[in-house]
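# Residue-level structural notes
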Amino acid sequence: MLSVLDTLRMDGAYRFTALAPGTGLLADELTRRQIPLQEFSVRNDDGEKCPFDMIQQRLSGLLHELRPDILHANSLSMSRLIGQLATAAVPLPKRTGHLRDIIRLNRKVVADLNRNDGLIAVSKATLDFHVAQGLDPSQCRVVHNGVDTQRFQHRDKAKLRAKLFPSVPATHRILLNVGQICLRKGQLDLAQAVVGLLQDCSDVHLAVVGQRHSTKQESVDYEAAIQQEFKRAGCDTHLHLLGYRDDIPELMNAADLLVHAARQEPFGRTLLEAASSGLPIIATEVGGTTELLRPDADAILVSPGDVAALKAAIDGALSNPELCRSLAASARQRIEANFTIEKAAHQLAEFWSIQEDRPKD
């Protein structure tokens, strides 16, 4: 969304103000981009969620002060929140929201979402899933995420490999995984596949970029299980847990394969970035992935949760450099034709224009 806003601001048709927490990575990025920030959070200073009435009062006060033409929510939860503003005692702007998750919703949540003037889904798979739960398709549109093809492009691999992975021998192969560490991203499936590969070869490394956000015990145990897979096999030096990183373009150019083992994926930003970077991709055939990558043309796709198939796909790709080069070149061309930031920005602006032209209820 931030990259799309950068593009739209250059056109001069829109002025943006962000409603977001006043500190953190998002606030830092907004400041760097010189996007005005009005502090807004659904949580108090102790991190606990505020009562609903208090949240609504805060948001209504900001809307009364700012008087925006459009209020856009950048997540499903925030889209529900602004949908609940229907009875608020303030003049309401046009309300639009982004659906970036494929999750089960109850009827109350769906009803709140349907009160918005318009909704965007990041993939047809995401839209179809929510329409099946009762979302009104007449107010929805698919706008695929875009990627900055200048930031994510092919660069010199040898220099970046030596800089970013100095402990990995130059002849070894690095598999890259990027995403929040959690069950739906499938990192444990990937760990098991890589450990299986290491029984027959010793030149494969797995680099995992991302953090675990959930503090639930099952999430803590899941992260620990990833590390235990490598430790039990005596190959823990082949697992590189890199945590949060802001040098993803460089890491994608230092790696040999992007392996995305997700069990659920609306429309993966990581896949966009890897394809744009010319990094060969192995991914699971879930959610909106096939809208982005064509099987056996742009990437190797396997069934989610199938560790044996994932292991075989990685082994086959590492054994066939020519196939990897062909897949990567095709994926980059597909990105340039269909999934640029400029195209996403144009479609979002078109969507907002339609909302502005529609009469209010």
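Residues numbered from 1 in each chain as written. Predicted model: local features only at pLDDT ≥ 70, side-chain atom pairs only at ≥ 80, totals over all residues. Heavy atoms only, no water.

## Notes on unusual backbone geometry
- Not every positive phi belongs to a glycine, and Gln34 is a case in point at roughly 60°.
- Of note, Gln34 is situated in the loop between helix H2 (25-32) and strand S2 (37-39).
- A residue is classified by how much of its surface remains accessible, and Gln34, at 66% relative accessible area, is exposed. (Helix = DSSP H or I, 4+ residues; strand = E, 2+ residues; numbered from the N terminus. Buried < 20%, exposed > 50% of the residue type's maximum accessible area, 1.4 Å probe, protein only.)

## Re the side chain of Ser330
- Assignment of secondary structure puts Ser330 in helix H14 (residues 321-338).
- Non-local contacts of Ser330, meaning those with residues more than four positions away in its chain, are made with Arg294, Ala297 and Asp298. (Contact = heavy atoms within 4.5 Å.)

## Some thoughts on the sheet that holds strand S10 (residues 257-260)
- Pairing is parallel across the open sheet formed by 6 strands, whose spatial order is S9-S8-S7-S10-S11-S12. The two strands at the open ends of the sheet, each matched to only one other strand, are strand S9 (239-243) and strand S12 (300-302). The average angle at which neighbouring strand axes cross in this sheet is 20°, direction not considered.
- In this sheet, S12 lies alongside strand S11 (residues 281-284) in parallel orientation, the contact comprising 3 bridges. The residue of S12 that forms the bridge with Ala283 is Leu301.
- Together, strand S7 (173-178), strand S8 (204-209) and S10 form the strand contacts of helix H8 (residues 187-197), whose direction differs from that of S8 by roughly 165°. (Pairing = 2+ DSSP bridges. Axes fitted to C-alpha atoms, helices over the stretch in contact; angles between N-to-C directions.)

## A closer look at the pattern of salt bridges
- Applying the stated criterion across every chain yields a total of 21 salt bridges.
- A salt bridge links Arg263 to Asp189; the nearest nitrogen and oxygen atoms lie 2.9 Å apart. Taken together, the residues span a long stretch of sequence, with Arg263 in the loop between S10 and helix H11 (269-277) and Asp189 in helix H8 at a distance of 74 residues.
- Residue classification places Asp189 among the buried positions, given a relative accessible area of 7%.
- We note a salt bridge from Asp298 to Arg294, for which the minimum N-O separation is 2.7 Å. (Salt bridge = Lys/Arg side-chain N within 4 Å of Asp/Glu carboxyl O.)

## Section: empty space enclosed by the protein
- Inspection of the entire model under this criterion finds 1 cavity of 30 Å³ or more.
- Of the pockets and cavities examined, the largest cavity occupies roughly 40 Å³.
- Around the largest cavity, the lining residues are Asp189, Ala261, Thr284, Val302, Ser303, Pro304, Gly305, Asp306, Val307 and Leu310.
- Per-class residue counts for the lining of the largest cavity are 5 nonpolar, 3 polar and 2 charged. (1 Å grid on protein atoms, 1.4 Å probe; cavity = no way out; pocket = protein on both sides within 12 Å on 5 of 7 lines; lining within 4 Å. Points joined across faces, edges and corners; volume = space filled by probe spheres on them. Nonpolar A, V, L, I, M, F, W, Y, C, P; charged D, E, K, R; others polar.)

## Notes on the sheet that holds strand S4 (residues 94-99)
- Taken in spatial order, the 4 strands line up as S3-S4-S5-S6 in an open sheet, and their pairing is parallel. Single-partner strands in this sheet number two, and they are strand S3 (70-73) and strand S6 (140-142). Between one strand and the next, the sheet's axes are offset by a mean angle of 20°, whatever the strand orientation.

## A few points about helix H4 (residues 76-83)
- Where H4 is concerned, the buried positions are Leu76, Ser79, Leu81, Ile82 and Gly83.
- Against helix H3 (52-66), S3, S4, helix H5 (107-114), strand S5 (118-121) and helix H6 (124-131) lie the buried residues of H4.

## Here's the deal with the packing of H8 against helix H9 (residues 217-232)
- Between H8 and H9, the shortest axis-to-axis distance is 9 Å and the interhelical angle comes to 5°. Compared by their axis directions, H8 and H9 come out roughly parallel. For the pair H8 and H9, the contacting residues are Gln187, Leu188, Ala191, Gln192, Val194 and Val195 in the first and Tyr222, Ala225, Ile226, Glu229 and Phe230 in the second. (Parallel < 35°, antiparallel > 145°, perpendicular 65-115°, else oblique.)

## Overview of the state of the cysteines
- In this structure the tally under the stated criterion is 0 disulfides.
- Cys235 takes part in no disulfide bond, and the closest cysteine sulfur to it belongs to Cys201, at a distance of 10 Å.
- With relative accessibility at 7%, the residue Cys235 sits in the buried group. (Disulfide = S-S within 2.5 Å.)

## Side note on the pairing of S7
- Across the 6 residues of S7, 5 count as buried, placing the element largely inside the fold.
- Where S7 meets S8, 6 bridges bridge the pair, whose relative direction is parallel. When the sheet's bridge partners are listed, Ile174 is paired in S8 with His205.
- In this fold, S7 hands off to H8, which returns the chain to S8; that crossover is right-handed.
- Two elements, S7 and S10, share 2 bridges in a ladder whose sense is parallel. Pairing of Leu176 across the sheet is with Leu258, part of S10. (Right-handed = clockwise from strand over helix to strand, strands pointing away.)

## Overview of H6
- When H6 is considered as a whole, its buried residues turn out to be Thr126, Leu127 and His130. For H6, the buried positions fall inside an angular range of 95° around the axis, keeping them on one side.
- Looking at the buried side of H6, the elements it contacts are H4, S4, S5 and S6. (Arc of directions from axis to C-beta.)

## Quick word on the packing of aromatic side chains
- Under the counting rule described, the total for this entry stands at 4 aromatic pairs.
- Site record: aromatic cluster; members linked through ring pairs are Tyr14, Phe16 and Trp352. (Phe/Tyr/Trp six-rings, centres within 6.5 Å; stacked < 30°, edge-to-face > 60°.)

## A look at the layout of surface pockets
- Each pocket or cavity is described by its volume, and for the second largest pocket that value is around 330 Å³.
- When contributions to the lining of the second largest pocket are tallied by element, the ones reaching two or more residues are helix H10 (248-254), helix H13 (307-318) and H14.
- Sort the elements by how many residues they give to the lining of the second largest pocket and H14 lands first, with 4 residues.
- For the lining of the second largest pocket, the residue count by class is 10 nonpolar, 4 polar and 4 charged.

Function-wise, these values are silent; they only describe arrangement.
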